Amino acid sequence: MADDETPQGLPEPPPPGASALPSGTFDGTAVLVTGAGTGLGKGIAREFARLGASIVIASRKQENLDAGRAAIEELGAPVETAICDIRDPESISAMLDSAVAAFGTPQVCVNNAAANFPVPAEDMSPNAWRAVVDVTLNGTFFVAREFARRHLAAKTPASIINVGASYAWTGGPGFAHSAAAKAGVKNMVESLAVEWGPYGIQVNGLVPGLIPHEDMTADITANLQRADPEKDLLQPAMRVGTRREFGWAATFLASPYARFITGHTLVVDGANWQRRFMTNPTVVPIRDQMNRGPFNPEG
Ligand code: NAP
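Just so it is clear, the model here is predicted, and its values are computed rather than measured. (Residues numbered from 1 in each chain as written. Predicted model: local features only at pLDDT ≥ 70, side-chain atom pairs only at ≥ 80, totals over all residues. Heavy atoms only, no water.)

Caption draft 1: Expanded view of the overall build of the protein chain. Counting its regular elements, the protein chain contains 9 helices and 7 strands. The globule rule puts the C-alpha radius of gyration for 299 residues at 19 Å, and the 20 Å found for the protein chain is close to it. Each principal axis of the C-alpha atoms in the protein chain carries an extent, and together these give about 55 × 55 × 35 Å. Relative to its 299 residues, the protein chain shows a buried fraction of 43%. Put simply, 77% of the contacts in the protein chain that link residues at least 6 apart link residues at least 24 apart. Total accessible area on the protein chain stands at roughly 15,100 Å², and carbon and sulfur atoms take up 54% of it. (Helix = DSSP H or I, 4+ residues; strand = E, 2+ residues; numbered from the N terminus. Rg over C-alpha atoms; globule rule 2.2 N^0.38 Å. Buried < 20%, exposed > 50% of the residue type's maximum accessible area, 1.4 Å probe, protein only. Contact = heavy atoms within 4.5 Å. Areas by Shrake-Rupley, 256 points an atom, 1.4 Å probe, with all protein chains shown as cover.)

Caption draft 2: A look at unusual backbone geometry. Unusually for a residue other than glycine, Lys155 sits at a positive phi of about 55°. Checked against the element boundaries, Lys155 lands in the loop between α4 (126-154) and β5 (158-163). Within the chain, Asn291 stands out as a residue other than glycine whose phi angle is a positive 55°. By the element assignment, Asn291 lies in the segment after α9 (286-289). For Asn291, a relative accessible area of 73% translates into the label exposed.

Caption draft 3: Local environment of the site of the ligand. Thr38, Leu40, Ser59, Arg60 and Asn112 are the nearest of the 24 residues found near the ligand. Between the ligand and Ser59, the relevant distance is 2.8 Å, taken from an oxygen atom to a side-chain nitrogen or oxygen of the residue. Between Asp85 and the ligand, the recorded distance is 2.9 Å, taken from a side-chain N or O atom to a nitrogen atom. For the shell around the ligand, a count of residues per class yields 10 nonpolar, 9 polar and 5 charged. (Near = heavy atom within 4 Å. Polar contact = N/O pair within 3.5 Å; in protein donor to acceptor, adjacent residues only side chain to side chain. Nonpolar A, V, L, I, M, F, W, Y, C, P; charged D, E, K, R; others polar.)

Caption draft 4: Here's a closer look at the packing of helix α1 (residues 39-50) against helix α2 (residues 62-73). Where α1 contacts α2, the two axes come as close as 9 Å, and the packing angle between them is 30°. As judged from the angle between their axes, α1 and α2 are roughly parallel. Taken as a pair, α1 and α2 cross one another with a handedness that is right-handed. Here Lys42, Ala45, Arg46 and Ala49 of α1 lie close against α2, whose contacting residues are Ala67, Gly68, Ala71 and Ile72. The residue makeup of the contact of α1 with α2, split by class, is 5 nonpolar, 1 polar and 2 charged. (Axes fitted to C-alpha atoms, helices over the stretch in contact; angles between N-to-C directions. Parallel < 35°, antiparallel > 145°, perpendicular 65-115°, else oblique. Left-handed = near helix turned anticlockwise from the far one by under 90°.)

Caption draft 5: Just the pattern of salt bridges, in detail. Overall, the coordinates contain 14 salt bridges when judged by the stated rule. One salt bridge connects Asp85 with Arg87, and the closest N-O pair in it is separated by 2.7 Å. For Arg287, the salt bridge is made with Asp123, and the minimal N-O distance between the two is 3.0 Å. Placement of Arg287 in helix α9 and of Asp123 in the loop between β4 (108-111) and α4 is noted, with a sequence separation of 164 residues between them. (Salt bridge = Lys/Arg side-chain N within 4 Å of Asp/Glu carboxyl O.)

Caption draft 6: Main features of the nonpolar core. Judged by nonpolar contacts, the single largest core of 29 residues is most densely connected at Val31, Ile44, Phe48, Ile55, Ile72 and Val110. Where this core is concerned, the elements lending two or more residues are β1 (30-34), α1, β2 (54-59), α2, β4, β5 and α8 (243-254). Not counting residues up to four positions away in its chain, the partners in contact with Val31 are Phe48, Ala53, Ser54, Ile55, Val56, Val108 and Val110. By size, the runner-up hydrophobic cluster in this structure holds 26 residues, among which are Ile92, Ala144, Leu192 and Val203. (Core = buried A, V, L, I, M, F, W, Y, C linked by side-chain atoms within 4.5 Å.)

Below, the structure written as structure tokens:
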């Protein structure tokens, strides 16, 4: 496509450091973000921190917690980190106890941690299936449950945001385990919002599109590298998303300005998941997309 015919796509967002919400929106508010030592979780935590929040980061690896701490301290915000495996309810309880000791009970919980890797379904071991479902679906529920129980007992309002994925609606070839788990996460948002709304607890979902970051897994990096951004129209927005755009959406959903929004899942992906082609594009089997040879039941 010639330069002068190239559509412009969606405009670029305001620069890093900008905020959509009034300064101090989260002053005095503790915000728990699971998996915030890396990637999108770190981006979400930073946007809450810019708006005055104290941040609690929970994940398994000390090096990720250290990276998350540094990213928040750089903004001058208070931060507490806790080793936590969200598959383990006791670990979640201990993590929340340490959060309470640091800042009081967090009022916002962003369930961002998840596990994922691409594999054709027929090659997926039962353990691989269990591992992804256990972190992404079970872990998300266990954190939401423990967080909500504390607010229900204290009769205090709160906000939960579960990070999802668009293949919750569409399915995701190569990601049968993660897509099924994220479909469960989206569905859970709707059940929990109705159950806990009467007690002042909002529950929403938030779905990212393709948002590059330094902690991306090899499959996402390969997806980005397969196309030439100068000539390939990769998605309707004509650009990828930025972490701050995803973080801004999270801060809005948890803010006082979104109090009547609950049970909703917001997709921040420039409409990429809704695109269709007038003619049927070529079907490329997942094994070919992943450069795997023919199925070998012994393999
Ligand atoms: P990421 O960098 O791989 O982050 C995942 C985080 O989860 C890590 O910080 C990891 O920390 C934590 N984690 C994994 N297992 C855990 C466990 N058992 N207990 C506690 N923490 C655990 O991924 P990301 O790209 O930022 O994605 C963040 C969220 O967005 C995920 O929910 C993902 O499914 C969703 N998403 C991302 C994309 C994308 O393009 N990046 C697209 C769709 C959806 P430790 O290793 O320290 O535990």
